Amino acid sequence: MNAPTAIAHLVPEIKLRPVPPALIEALQARFGAQCSTALVVREQHGRDESSFEAPPPAAVIFAQSTQDVADAVQLASQYEVPVIPFAVGSSLEGHLLAVQGGISIDLNRMNRVLAVNADDLTVTVQPGVTRKQLNEEIKSTGLFFPIDPGADASIGGMAATRASGTNAVRYGTMRENVLALEVVTASGEVIRTGTRAKKSSAGYDLTRLLVGSEGTLGVITEVTVKLYPLPEAISAAICSFPSIEAAVRTTIAVIQLGVPIARVELIDHHTVRMVNAHSKLHLREEPMLLMEFHGSPAGVKEQAETVQEIASEHGGKAFEWATTPEERTRLWAARHNAYFAAIQSRPGCRAISTDTCVPISRLADCLLDSVAEAEASGIPYFLVGHVGDGNFHFGYLLDPNDPREREVAEDLNHKLVMRALSLEGTCSGEHGVGLHKMDFLVTEAGAGAVDMMRTIKRALDPKNIMNPGKIFTL
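Analysis parameters
- Residues numbered from 1 in each chain as written.
- Predicted model: local features only at pLDDT ≥ 70, side-chain atom pairs only at ≥ 80, totals over all residues.
- Heavy atoms only, no water.
- Helix = DSSP H or I, 4+ residues; strand = E, 2+ residues; numbered from the N terminus.
- Expected span 1.5 Å × (residues − 1).
- Polar contact = N/O pair within 3.5 Å; in protein donor to acceptor, adjacent residues only side chain to side chain.
- Phe/Tyr/Trp six-rings, centres within 6.5 Å; stacked < 30°, edge-to-face > 60°.
- Buried < 20%, exposed > 50% of the residue type's maximum accessible area, 1.4 Å probe, protein only.
- Lys NZ or Arg CZ within 6 Å of the ring centre and 35° of its normal.
- Pairing = 2+ DSSP bridges.
- Axes fitted to C-alpha atoms, helices over the stretch in contact; angles between N-to-C directions.

1. Points about helix α15 (residues 403-422)
Here is step 1 of the chain: Taking 1.5 Å of rise per residue, the 20 residues of α15 would be expected to cover 28 Å, and the 29 Å separating its terminal C-alpha atoms lies within 8% of that figure.
Here is step 2 of the chain: Where α15 begins, the capping side chain belongs to D402, and its oxygen is found 3.0 Å from the backbone nitrogen of R404.
Here is step 3 of the chain: Remark: E424 follows α15 within two positions and exhibits a positive phi of approximately 65°.

Right under this line is the structure:
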């Protein structure tokens with residue numbers, strides 16, 4: 001494998017393409033108040049949760065329908081101007097940055113649940129619907145949508161980045177849970193891929209191609225996803241460990257034993273300390289597993305007892321159980337607040353977030369060496385992980401005005417990713433490639449595979465207007 005440079009993408013590559021005044025005039029004529037060129041609005045749509053910076057887009061279109069999206073894309077195509085889809089803005093990899101200029105299409109007003117098919121366990125939504133909104137609107141059906149990336153992300157954004165999160169160990173990722181899409185292509189044509197049927201062998205699997213394409217092949221305007229029955233019983237638990245290794249070994253044993261655990265999340269002692277300060281909690285400041293069990297009352301009890309026994313063999317202690325929604329929410333606050341707790345622990349900092357995923361049997365090999373490197377670096381960091389499926393995240397907390405810290409963090413990230421790839425893992429388990437992992441994608445997939453991706457991109461987007469400069473360069 002050809003390794004990327006040790007300090008890859010310290011700054012994004014900016015290659016601004018002209019946005020003709022005639023396009024802005026055409027957008028204003030078509031969209032009126034739905035088109036904004038105000039600097040504050042453009043700046044809001046020109047940044048995400050990554051540590052990168054780029055000039056803002058030239059205009060923002062607040063789409064309210066698929067036709068709005070199609071008309072905006074058709075105008076952009078006419079003038080060969082880039083289009084960047086925007087929803088919640090929670091990306092960690094620079095997906096939303098206008099590195100080649102262009103216009104941002106805000107999809108937040110497209111936030112309706114269009115059809116709930118409870119008998120078939122499916123729902124169709126517009127892309128701006130968030131996961132919390134979706135679960136609130138369908139709770140009366142006894143069903144739920146399980147994909148939980150932590151942030152209250154939009155369903156469209158989750159499909160675009162092939163997101164997953166805390167429940168992936170049991171329910172899978174967006175790849176397994178998206179059945180059909182409506183998409184506006186680079187020419188402004190509206191197409192549909194997939195159906196509500198559970199399976200199909202009819203032609204190319206365009207749905208899978210578009211899920212995870214990060215806005216580089218089209219703008220998602222409708223998503224049909226799977227739903228699941230709410231479990232009869234849910235129990236959550238936390239357990240502290242004397243070391244990260246003990247927590248990881250427990251996780252590996254649980255998964256290899258085949259315990260159908262719904263969630264198993266790792267947070268290290270730094271993260272526990274940050275969360276305690278942020279959320280006024282009093283958790284033991286030691287490495288911790290947060291777990292959740294779904295099923296019948298008897299099944300949940302049996303799963304929990306099995307996991308507790310395995311954890312005890314590895315030094316696990318201070319088990320705390322929760323069966324009511326209020327108690328579970330309190331315990332899971334530690335995990336869901338981790339990112340923002342970490343950011344607030346160092347005022348003014350920005351985070352570089354890693355996203356490696358390895359086969360579960362290699363988790364300890366990858367994670368423990370990376371912890372040692374992070375500790376030796378002197379850079380403040382936090383560690384969280386969906387360790388049930390081998391996915392974990394370091395967050396290196398940087399002073400954005402100190403280039404040395406950025407260089408050290410990028411070097412740590414480089415070593416971590418190369419270690420994961422050597423263990424047959426991936427550079428991105430769920431965040432996507434965006435700007436930050438483009439070089440690593442070539443190392444992981446190989447030049448031939450990336451060239452095939454470029455061929456697909458050129459065929460579907462010959463003017464290179466769909467979120468250009470992300471995943472790979474043309």
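From this point, things continue past the structure.
2. Some thoughts on the packing of aromatic side chains
Here is step 1 of the chain: Overall, the coordinates contain 9 aromatic pairs when judged by the stated rule.
Here is step 2 of the chain: Look at Y381 and F394: their rings are 5.8 Å apart centre to centre, the planes differ by 45°, and that puts the pair in the tilted class. Within this pair, whereas Y381 is found in strand β17 (residues 381-386), its partner F394 is found in strand β18 (residues 391-398), the two being separated by 13 residues in sequence. As far as burial versus exposure is concerned, Y381 and F394 are alike and both buried.
Here is step 3 of the chain: Residues F392 and F394 carry aromatic rings whose centres are separated by 6.0 Å and whose planes lie at 80° to one another, so their mutual orientation is edge-to-face. Note on accessibility: F392 and F394 belong to one class, buried.
Here is step 4 of the chain: Aromatic rings pair up to connect Y381, F392, F394 and Y396 into one cluster.
Here is step 5 of the chain: We note R30 situated over the ring of F31; from NZ or CZ to the ring centre the distance is 4.4 Å.
Here is step 6 of the chain: Of note, R263 hangs over the ring of W332, and the distance from its end group to the ring centre comes to 4.6 Å.

3. Some remarks on the sheet that holds strand β8 (residues 178-184)
Here is step 1 of the chain: With respect to topology, 5 strands assemble into an open sheet ordered β5-β6-β10-β8-β9, the strand pairing being antiparallel. Among the strands making up the open sheet, the edge pair consists of β5 (113-117) and β9 (190-194). Direction aside, the axes of adjacent strands within the sheet are offset by 10° on average.
Here is step 2 of the chain: Both strand β6 (residues 122-125) and strand β10 (residues 219-226) contribute to a ladder of 4 bridges, which runs antiparallel. In the sheet register, V125 faces β10, and the bridge partner there is V223.

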